[in-house]
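Examination of the molecular architecture
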Amino acid sequence: MPKLIIDDIPVEVAEGTTVLEAAQSVDIPIPHFCWHPALGKAGACRVCAVKMLEGPVKGIQMSCMLPVQEGMVVSTTDPEAVAMRRAVIEWLMINHPHDCPVCDEGGECQLQDFTIAGGHGIRRYSGKKRTHVNQYLGPYIEHEMNRCIQCYRCVRFYQEYAGGTDFGVMGSAGRVYFGRFQEGQLESPFSGNLVDICPTGVFTDKTARFRARYWDYDMAPSVCPHCSLGCNTTPVARYRELLKTVARRNEAVNDWFICDRGRFSNSVVNDPLRPRRAVVDSRETGVAEALEALQLRIRDIEEQYGPGSIAVVGSSRMAQEAAELLPQLAHRIGAGALCFSTTRKEQVETLALLELLSAGRSASQQDVRNSDCIVIYGCDPLNEAPMMAMAARQAWRAGAKVYLIGQGISLPCEVTECTALEDVPLAEAERPIIICNVSVRVELLDKLQESHSHLKIAGLFPAANSFGAAQVMRETGAISLEEALADGEIKGIIAIEADIPAALLDGIPFVAALDWLAAAAVQAAQIVIPTTAWVEMDGSYINYEGRAQQFSKVMNPGVPIKGLDPNGHPPHSHRTVAPGGEALPAWQLLATLIKLLDDDSRGLS
Amino acid sequence: MMYDTIDIALLLAKIALVFFVILTLAAYLVFAERKVLAWIQDRKGPNRVGPFGLLQPLADLIKLLTKEDFRPIGADKWLFYLAPAMAAIPAIMIFAVIPFGAPLTLFGHTVLLQVSDLNVGLLLFMALSSIAVYGVALGGWASNSKYALLGSIRGLAQLISYELSMGLSLVPVVMLARSFRLSDIVNAQSGCWFIVYQPLAFVIFLISIAAECKRIPFELPEAEGELVAGFHTEYSGMRFGLFFVGEYINIIVLGGLAATFFLGGWHGPFLPPVVWFSAKVLAFAFLFIWMRGTLPRLRYDQLMHFGWKILTPLALVNIVVTGWWLVLRG
Amino acid sequence: MKILSDIAALLTGMWITWKHMFRRPVTIQYPEEKRQPYPRYRARIVLTRDPDGGERCVACQLCSAACPVDCISMQPTEDTDGRRSAEWFRINFARCIFCGLCAEACPTLAIQMTPDFEICTRDIMDLVYEKEDLLIDGCGKSSHYNFYRHAGIGVTQPRGNGAEELPPVDVRGLLP
């Protein structure tokens, strides 16, 4: 453990740590562009210069490239180092365009920050600026090569970290160009991270092009709902419109990055077809009135068809808070069935995988990254949960063997194809992990676990809160909707954020839907009450490994201002509630409904 | 019979005249004050209503009359309503004893240009000016407001203190005229004005009446920088108007008294007596306005200190000196 | 004698106010007499155009960020020719304090202040100015500046043809 002194503060760090990291460990910031905690060092930008006062090396050094050695005395504030950094910024700005006002990175740009911090304001260089021709990189990423400062972060991420092959670096010296050989859409399912990782505005989010500035963003820590991994994100909204999603670091889960599915699936929140107002018998009404109508209708159905004629249907995409309240609602109205799944197969598989994982054996993404033997068993991580494939690649980069059992599955790393689990040398591995999904044959893994006590399993569920919903399912003995409808006793369905196939709703006299998506149940329902999307509420999801993660409210619900008024600008009127802003979180609606039912029954008795 | 009827008719006519002139004058004094202050401050002053803004007092009157008559919660209803009248009426009543011109001979009658030639006119003035204190004290107290109460307490203490020096400064005048009758005092100055004999008494009287009509530098009961508007903070509309007009009536009345006691009343060469008297009154009014445009407000302890420790002893000394002088002169 | 100097002080004050009574008033009778404010007077805000007739405003949001009373709001958008412009741009003059920070912040010299201070209306909603009310057909105070000529990206001219720019790099060239 070498000891060194940085700015008069003694630091002791592990062997192999760079001076930059050592300084960060004691909260001394050193500016940097090319260095990134996930990508390591490149020594390309020269902006992390520090002065070595004493020790084995002396003079100006790049702190990101220099491993710490015993007896180093480092100064980050030495005039020489400061002058060096200032000069480097000025060099970088020589070719940087003067277009911050029309750049989407403006306001959240590292280059902007360091230029201001370095005090560079007036251009002294009188020569001309180098320019480049941009490329079309698909509908998601905007390319503006003139802004490039040659830090190589993009290509290091794209090729080394994410395993992409269609994007690279061309040219030499001052003509270095980052792009594809031929114009076209970036192929990697992680290409969106270029936006986050670029320290300036070469890569910007095309879906949120020219929409808002950093200081106007509505932002809050959130969790991605698009698969069961529960990657941490920061959705960004403005004027009631979800503009973009950026990755939020969580070492145990997604680390620094997220996949393109999580990043670019924002339009679903802004969908004009979303149910925005409560509807009772095709008549728009308020949420409170609709809840009362629903309560009365529940009583009517019970009187007409007898008790137990209503099914309460939830799903694995609802927040855990709502999933927990669902059994209570079913109990209050004496429901004939409580369902979280549509088919019996789905129900059985989910519960079986839950049993398998409940033994405390589930592997986090961090576990996968640190594993030395990974088995992809009958699942397609790149499609089902892309970040899991990314984690497997990181393990592979660190030297792990990746085994694949299954046909026609591609992974961003080298794999050894096997036909059966027995072929995998699990016993030789120290931290083996099997990645599977709900279709796995559970008995097999159960047996395997008995013989390999250190084996961990990453079981990919179909939806964001499948694990949590399955737990409620197991505790309450919920059945699948298919089974519930089999005997024809069910005459009413209350669907709460449930994706019920339209065929199952045929012939059901009464359907009520609480949802924020225009699901089939919403189309068929007599009573519709709008709920909020995950970015419009506080709640939590339990991810595939049983990790409960809270997400916070990012924006207020309501119809986006964009397109609200035919004049093209927001209306000239004052309202206390935004149009379509009456939507409430499902758990809040359920709690209100339960209270209404309670009050009613107390009034009757 | 005939004699009595004419007397009464004349009396009523004089009362009506005095009322009309004083109220009009008071209204225009407000206007004049605004104009003069504006000139002092390099502004133009009111000039929008009528030619040169001459109808401004009328507009003010209409505004005051149409404003809401507001009474704060917890205010003493009767006292609150009565106080403005108690402030304005005694001020007008004092004018009953002031001779504003030389006696006229009309239809064979000698008509005094004075509502009532009381033999204790000076004492009546002292009494009425003391009563006017009630308006301030009760108005402030009845408002149920801390500012009004503080203003009224200040007013009470200030008026009583300065009444003393004012009364004492008038003793030499009475000694010189050997009468409390105001017409006698005026006549006693037909040769030489008392200001010549009694410059000190005049200065004391002038300072005291400035305090008496609550003008800068003695406007502590109102003190808008500290107490919003002092004792009449809570008043609105015409009730506020009464306090306001009462203050200007006070200026006229006290100006008239100062003229009567020290400047020979209506005496003066060349011009008719009424014109002389009016000119002297207006000169005092202008002096007060001018002072308001120039001087800052005193601190309260300075005010009391000045009244009790300087003016009152000086007035007493002045009496003694006057007495000695009269005795020595025989 | 202190009292004498005090009296002298009083009389000096009286003399000064007396002199002022006869000075010419400085008042300007506003609706009848009007004073033309100086060109740099800070009143009604306008959005100007560049010398080529294009909108100068690129909706960069710096004015709304600088505004201390949050009276400016806008929505940027991308035009078909690649220019960034305001889809809508709103200044609430009922809230504006005419501090000029927006004009100072504007990097494209689009937002400028004019000497027109007479914008009172009866209805407060009439003081909410939209882009069509703000945009003028002129360059305002700086008649030569065109942001896109200096921006360094090709929007109004082909890439590499702007001021102080080299032609685009041929990345496939083999020369060093």
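Here the structure is a predicted model, which means the values were calculated and not measured.

1. With respect to the overall build of chain C
- Counting its regular elements, chain C contains five helices and six strands.
- Each helix and strand of chain C, placed in order from N terminus to C terminus, yields the pattern α-β-α-β-β-α-β-β-α-α-β.
- Its C-alpha atoms give chain C a radius of gyration of 26 Å, clearly above 16 Å, the size a compact globule of 176 residues would have.
- If you line up chain C on its principal axes, its C-alpha atoms span 100 × 45 × 25 Å.

2. A short note on the interface of chain C and chain A
- On the chain A side, the residues contacting the 44 residues of chain C number 41 residues.
- Counting each side, the surface lost to burial between chain C and chain A is near 3500 Å², with a carbon and sulfur contribution of 54%.
- Among the residues chain C hides against chain A, the three largest losses belong to Arg-84, Arg-159 and Val-169 of chain C. Together they make up 17% of the total.
- Inspection of the region where chain C meets chain A yields four salt bridges.
- For Asp-104 of chain A, the salt bridge is made with Arg-84 of chain C, and the minimal N-O distance between the two is 3.5 Å.
- The set of elements that each furnish at least two residues to the side of chain C that touches chain A consists of α2 (62-66), β2 (72-78), β3 (84-92), α5 (147-150) and β6 (165-168) of chain C.
- By residue number, the principal contributor to the side of chain C that touches chain A is β2 of chain C, which donates six residues.
- Tallied by class, residues from the side of chain C that touches chain A come to 22 nonpolar, 10 polar and 12 charged.

3. What about the interface of chain C and chain B?
- Facing the 14 residues of chain C at the interface are 15 residues of chain B.
- Counting the surface lost from both chain C and chain B, the interface buries some 1300 Å², and carbon and sulfur atoms represent 63% of this.
- It is Met-14, Met-21 and Gln-29 of chain C that lose the most area in chain C upon contact with chain B, and together they represent 41% of the buried surface on that side.
- The interface formed by chain C and chain B includes one salt bridge.

4. Observations regarding the sheet that holds strand β21 (residues 416-418) of chain A
All names here are of chain A.
- The strand order β21-β20-β19-β22-β23 describes an open sheet built from five strands, whose pairing is parallel. Edge positions in the sheet fall to β21 and β23 (456-460), since each has one partner strand and no second. Ignoring strand direction, the axes of neighbouring strands in this sheet form an average angle of 20 degrees.
- As paired elements, strand β20 (residues 401-405) and β21 share three bridges and run parallel to each other. Each residue of the ladder has a partner; that of Tyr-403, found in β21, is Thr-416.

5. Some remarks on helix α5 (residues 146-177) of chain B
- Look at α5 of chain B: 46 Å from first C-alpha to last across 32 residues, which is about the 46 Å you get at 1.5 Å a residue.
- Arg-178 of chain B occupies a position one or two residues after α5 of chain B and carries a positive phi of about 55 degrees.

6. Points about the side chain of Asp-78 of chain A
- When you line up the elements, Asp-78 of chain A lands in the loop between β5 (72-75) and α2 (79-94).
- If we skip the residues at most four places from it in the chain, Asp-78 of chain A touches Lys-51 and Leu-53 of chain A.

7. Description of the domain arrangement of chain A
Residues and elements named next belong to chain A.
- Per the domain assignment, the segments of chain A are domain 1 (3-93), domain 2 (127-270), domain 3 (278-346 + 468-604) and domain 4 (362-450).
- Each of domain 2 and domain 4 was reduced to a C-alpha centroid, and the two centroids are 28 Å apart.
- Listed as interface residues are 20 residues of domain 2 and, on the opposing side, 16 residues of domain 4.
- Across the domain 2/domain 4 interface, buried area totals approximately 1500 Å², and carbon plus sulfur atoms make up 59% of it.

8. Quick word on the packing of α2 of chain A against helix α3 (residues 110-118) of chain A
All names here are of chain A.
- In contact at an axis separation of 9 Å, α2 and α3 are set at 130 degrees when each is read in the N-to-C sense. Taken together, the axes of α2 and α3 lie oblique to each other. The crossing of α2 and α3 is left-handed. Each of Arg-86, Ile-89, Leu-92 and Met-93 in α2 lies in contact with α3, whose residues at this interface are Leu-111, Phe-114, Thr-115 and Gly-118.
- The residue makeup of the contact of α2 with α3, split by class, is five nonpolar, two polar and one charged.

9. Examining the confidence of the model for chain C
- Looking at chain C as a whole, its pLDDT mean stands at 90, while 99% of the residues score no less than 70.
- Predicted complex, confidence summary: ipTM 0.85, pTM 0.78.

10. What to know about the sheet that holds strand β25 (residues 510-515) of chain A
All names here are of chain A.
- Ordered by their spatial adjacency, seven strands build an open sheet running β16-β15-β26-β25-β24-β17-β18, and the pairing between neighbours is mixed. With one partner strand each, in any of the chains shown, β16 (283-285) and β18 (337-339) form the two edges of the open sheet. Looking at each pair of strands side by side, their axes are set apart by 15 degrees on average, direction ignored.
- Across two bridges, strand β15 (residues 278-280) lies against strand β26 (residues 527-530) in antiparallel orientation. Within β26, the residue paired with Val-280 across the bridge is Ile-527.

11. Concerning the pairing of strand β3 (residues 49-54) of chain A
All names here are of chain A.
- Sheet topology places β3 next to strand β4 (residues 59-62); four bridges connect them, and they run antiparallel. From the neighbouring strand, Met-52 faces β4, where its bridge partner is Gly-59.
- The hairpin turn running from β3 into β4, its antiparallel successor, is four residues long, and Gly-55 in that turn takes a positive phi close to 105 degrees.
- In the sheet, β3 pairs with β5 via three bridges, with the strands oriented antiparallel. Each bridged residue has a counterpart across the sheet, and for Met-52 the counterpart in β5 is Val-74.

12. As for the environment of Phe-203 of chain A
Residue and element names in this part refer to chain A.
- Positionally, Phe-203 belongs in strand β10 (residues 203-205).
- Since its relative accessible area comes to 1%, Phe-203 is described here as buried.
- Residues Phe-203 and Glu-21, 182 residues apart in the sequence, show an inter-C-alpha distance of 26 Å.
- Setting aside its immediate chain neighbours within four residues, Phe-203 contacts Glu-105, Leu-137, Ile-141, Glu-142, His-143, Cys-154, Phe-167, Leu-194, Val-195 and Cys-198.

13. Focus: the packing of aromatic side chains
- All told, the structure shown has 37 aromatic pairs over all chains when counted by the stated rule.
- With a centroid separation of 5.3 Å and 45 degrees between ring planes, the pair formed by Tyr-239 of chain A and Trp-88 of chain C is classed as tilted. Within this pair, whereas Tyr-239 of chain A is found in the loop between β13 (232-238) and β14 (241-247), its partner Trp-88 of chain C is found in strand β3, the two belonging to separate chains.
- Pairing Trp-18 of chain C with Phe-22 of chain C gives two aromatic rings, centres 5.2 Å apart and planes at 70 degrees, and the pair type is edge-to-face.
- Given a relative accessible area of 29%, Trp-18 of chain C falls into the partly exposed group.
- Ring-pair connections join several aromatic residues into one group, and the members of that group are Phe-125, Phe-202, Phe-205, Phe-261, Phe-262 and Phe-284 of chain B.

14. Concerning a nonpolar patch on the surface
Residue and element names in this part refer to chain B.
- A grouping of Tyr-28, Phe-52, Leu-54, Leu-55, Leu-58, Leu-61, Ile-62 and Leu-65 is seen on the molecular surface, where their side chains present a nonpolar patch of about 760 Å² in accessible area.
- Tallying contributions element by element places helix α2 (residues 56-66) first for the nonpolar patch, with four residues.
- In this fold, Tyr-28 is placed in helix α1 (residues 2-40).
- You can call Tyr-28 partly exposed: its relative accessible area is 32%.

15. Notes on the pairing of strand β27 (residues 539-542) of chain A
All names here are of chain A.
- Residue alternation in β27 divides its side chains into two sets, Gly-539 and Tyr-541 and Ser-540 and Ile-542, and both sets are buried.
- Here β27 pairs with strand β28 (residues 548-551) via four bridges, running antiparallel. Bridge assignment links Tyr-541 to a residue of β28, and that residue is Gln-549.
- Turn length for the β27-β28 hairpin, with the two strands adjacent in sequence and antiparallel, is five residues, and the turn residue Gly-546 shows positive phi of about 85 degrees.

16. Overview of the side chain of Arg-369 of chain A
Residue and element names in this part refer to chain A.
- Positionally, Arg-369 belongs in helix α11 (residues 365-369).
- Although Arg-369 lies buried, it forms no salt bridge, and the closest oppositely charged side chain, Asp-255, sits 4.3 Å away as judged by the N-O distance.
- Here Val-253 takes part through its backbone oxygen, which lies 3.2 Å from a polar atom of the side chain of Arg-369.
- Apart from residues no more than four positions distant in its own chain, Arg-369 is found in contact with Glu-251, Ala-252, Val-253, Asn-254, Asp-255, Ala-391, Gln-394 and Ala-395.

17. A look at helix α3 (residues 77-94) of chain B
All names here are of chain B.
- The end-to-end C-alpha distance of α3 is 27 Å, a good match for the 26 Å that 18 residues give at a rise of 1.5 Å each.
- At Ala-83, α3 shows its largest kink, close to 30 degrees, and the proline Pro-84 lies no more than four residues downstream.
- Looking only at α3, the buried set comprises Phe-80, Ala-83, Pro-84, Ala-87, Ala-88, Pro-90, Ala-91, Ile-92 and Ile-94.

18. Some words on the pattern of salt bridges
- Per the stated rule, a full pass over the model turns up 51 salt bridges over all chains.
- Put simply, Lys-34 of chain C and Glu-118 of chain C hold a salt bridge, and the shortest N to O gap is 3.4 Å. Placement of the pair is Lys-34 of chain C in the loop between α1 (2-20) and β1 (45-47) and Glu-118 of chain C in the loop between β4 (111-113) and β5 (128-129), with a sequence separation of 84 residues.
- A relative accessible area of 54% means that Lys-34 of chain C is categorised as exposed.
- Salt bridges here are not isolated pairs; linked through shared partners, they connect Glu-33, Arg-215, Glu-247 and Arg-292 of chain B.

About the thresholds
Residues numbered from 1 in each chain as written. Chains lettered and ligands numbered in written order. Predicted model: local features only at pLDDT ≥ 70, side-chain atom pairs only at ≥ 80, totals over all residues. Heavy atoms only, no water. Helix = DSSP H or I, 4+ residues; strand = E, 2+ residues; numbered from the N terminus. Rg over C-alpha atoms; globule rule 2.2 N^0.38 Å. Contact = heavy atoms within 4.5 Å. Buried area = accessible area lost by both parts, 1.4 Å probe. Salt bridge = Lys/Arg side-chain N within 4 Å of Asp/Glu carboxyl O. Nonpolar A, V, L, I, M, F, W, Y, C, P; charged D, E, K, R; others polar. Pairing = 2+ DSSP bridges. Axes fitted to C-alpha atoms, helices over the stretch in contact; angles between N-to-C directions. Expected span 1.5 Å × (residues − 1). Domains from an automatic or database assignment. Parallel < 35°, antiparallel > 145°, perpendicular 65-115°, else oblique. Left-handed = near helix turned anticlockwise from the far one by under 90°. pLDDT = per-residue confidence, 0-100. Buried < 20%, exposed > 50% of the residue type's maximum accessible area, 1.4 Å probe, protein only. Phe/Tyr/Trp six-rings, centres within 6.5 Å; stacked < 30°, edge-to-face > 60°. Patch = residues over 30% accessible without salt bridge, like charges linked within 9 Å, V, L, I, M, F, W, Y side chains within 5 Å. Areas by Shrake-Rupley, 256 points an atom, 1.4 Å probe, with all protein chains shown as cover. Lys, Arg positive; Asp, Glu negative; His and termini not counted. Polar contact = N/O pair within 3.5 Å; in protein donor to acceptor, adjacent residues only side chain to side chain. Bend = angle between axes of the 7 residues up to and from the residue.

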